[in-house]
Amino acid sequence: MEALLTSTLSVAIAEIGDKTQLLALLLVCRFRKPWPIIAGMLAATLLNHAAAAWIGELVSRWLDPRLMAYLVAGAFIAMAVWILVPDKLDDEESSLDKYGPFLATFVLFFIAEMGDKTQIATVLLAAKYDSLTQVIAGTTLGMMLANVPVVLLGKLGADKLPLKGIRIGCAILFATLGISTLIVTP
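Throughout what follows, the structure given in this document is the object of discussion. (Residues numbered from 1 in each chain as written. Predicted model: local features only at pLDDT ≥ 70, side-chain atom pairs only at ≥ 80, totals over all residues. Heavy atoms only, no water.)

**Remarks on the packing of aromatic side chains**
Logical step 1: All chains considered together, the criterion is met by 2 aromatic pairs.
Logical step 2: Between Phe106 and Phe110, the aromatic rings sit 6.4 Å apart at their centres with planes inclined by 20°, giving stacked as the arrangement. Residue Phe106 and its partner Phe110 are located together in helix H5 (residues 101-113), separated by 4 residues, close to a single helical turn.
Logical step 3: We classify Phe110 as partly exposed; its relative accessible area is 25%.
Logical step 4: By way of ring pairs, the aromatic residues Phe102, Phe106 and Phe110 are connected into one cluster.
Logical step 5: Lying over the aromatic face of Tyr129, Lys128 brings its terminal NZ or CZ to 5.8 Å of the ring centre. (Phe/Tyr/Trp six-rings, centres within 6.5 Å; stacked < 30°, edge-to-face > 60°. Helix = DSSP H or I, 4+ residues; strand = E, 2+ residues; numbered from the N terminus. Buried < 20%, exposed > 50% of the residue type's maximum accessible area, 1.4 Å probe, protein only. Lys NZ or Arg CZ within 6 Å of the ring centre and 35° of its normal.)

Have a look at this one:
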């Protein structure tokens, strides 16, 4: 249960103000069809995070557990620093628009998540925890918790979020995960 809760919380907070959240807002403004956009986000996130978690689990098997713990701790701390840098999204029209909201969202979200903070967090969480299913479910749930309200509410409150404070809180969370990993490493 710890893997599920930590994964959900980590990704939900990390996603606030992230480029994929901005992408969700852009897509709902462009298509005005929230449900196909939500379905596309879910499908892309499940596929992307399942692959990322599998890689994290695979890497954790190859490396010495102590070295892996130090790498995971360092990566969590690096994530804390990275989160403090705001994301920007290119506002160009997409050639995928002609395929409709589901397919455009699926492709754009999958690509946007490649090498993104939440994908890297998924790799790290899968390396840290033994439950691949809980990590994938948690990171996917975290993505959906952060992005579905953006899609459903559209522009209504997006400009009023204290993104700097949220980034600082998220950075503290990832730094805490890194430090706690170091503390429990034998």
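Moving on from the model shown.
**So, the nonpolar core**
Logical step 1: Within the largest apolar cluster, 21 residues are counted, with the highest numbers of intra-cluster contacts made by Leu23, Leu27, Ile37, Met41, Phe109 and Val151.
Logical step 2: Residue assignment for this core shows that the elements contributing at least two residues are helix H2 (19-31), helix H3 (34-62), H5 and helix H7 (132-153).
Logical step 3: Among the elements that line this core, the one with the most residues is H2, at 7 residues.
Logical step 4: Setting aside anything within four residues of it in sequence, one finds Met41 in contact with Ala24, Thr105, Phe109, Met144, Asn147, Val148 and Val151.
Logical step 5: Counting residues in hydrophobic clusters, the runner-up holds 18 residues, among them Val135, Ile136, Phe174 and Leu177. (Core = buried A, V, L, I, M, F, W, Y, C linked by side-chain atoms within 4.5 Å. Contact = heavy atoms within 4.5 Å.)

**Focus on the packing of H2 against H7**
The angle between the axes and the distance between the axes are what describe a pair of packed helices.
Logical step 1: Close contact between H2 and H7 brings their axes to 8 Å; oriented N to C, the two are set at 30°. When the axis of H2 is compared with that of H7, the two are roughly parallel. Of the two elements, H2 crosses H7, and the hand of that crossing is right-handed. Two secondary-structure elements touch here, H2 through Thr20, Gln21, Ala24, Leu25 and Val28 and H7 through Met143, Ala146, Asn147, Val150 and Val151.
Logical step 2: Of the residues assigned to the contact of H2 with H7, the class counts are 7 nonpolar, 3 polar and no charged. (Axes fitted to C-alpha atoms, helices over the stretch in contact; angles between N-to-C directions. Parallel < 35°, antiparallel > 145°, perpendicular 65-115°, else oblique. Left-handed = near helix turned anticlockwise from the far one by under 90°. Nonpolar A, V, L, I, M, F, W, Y, C, P; charged D, E, K, R; others polar.)

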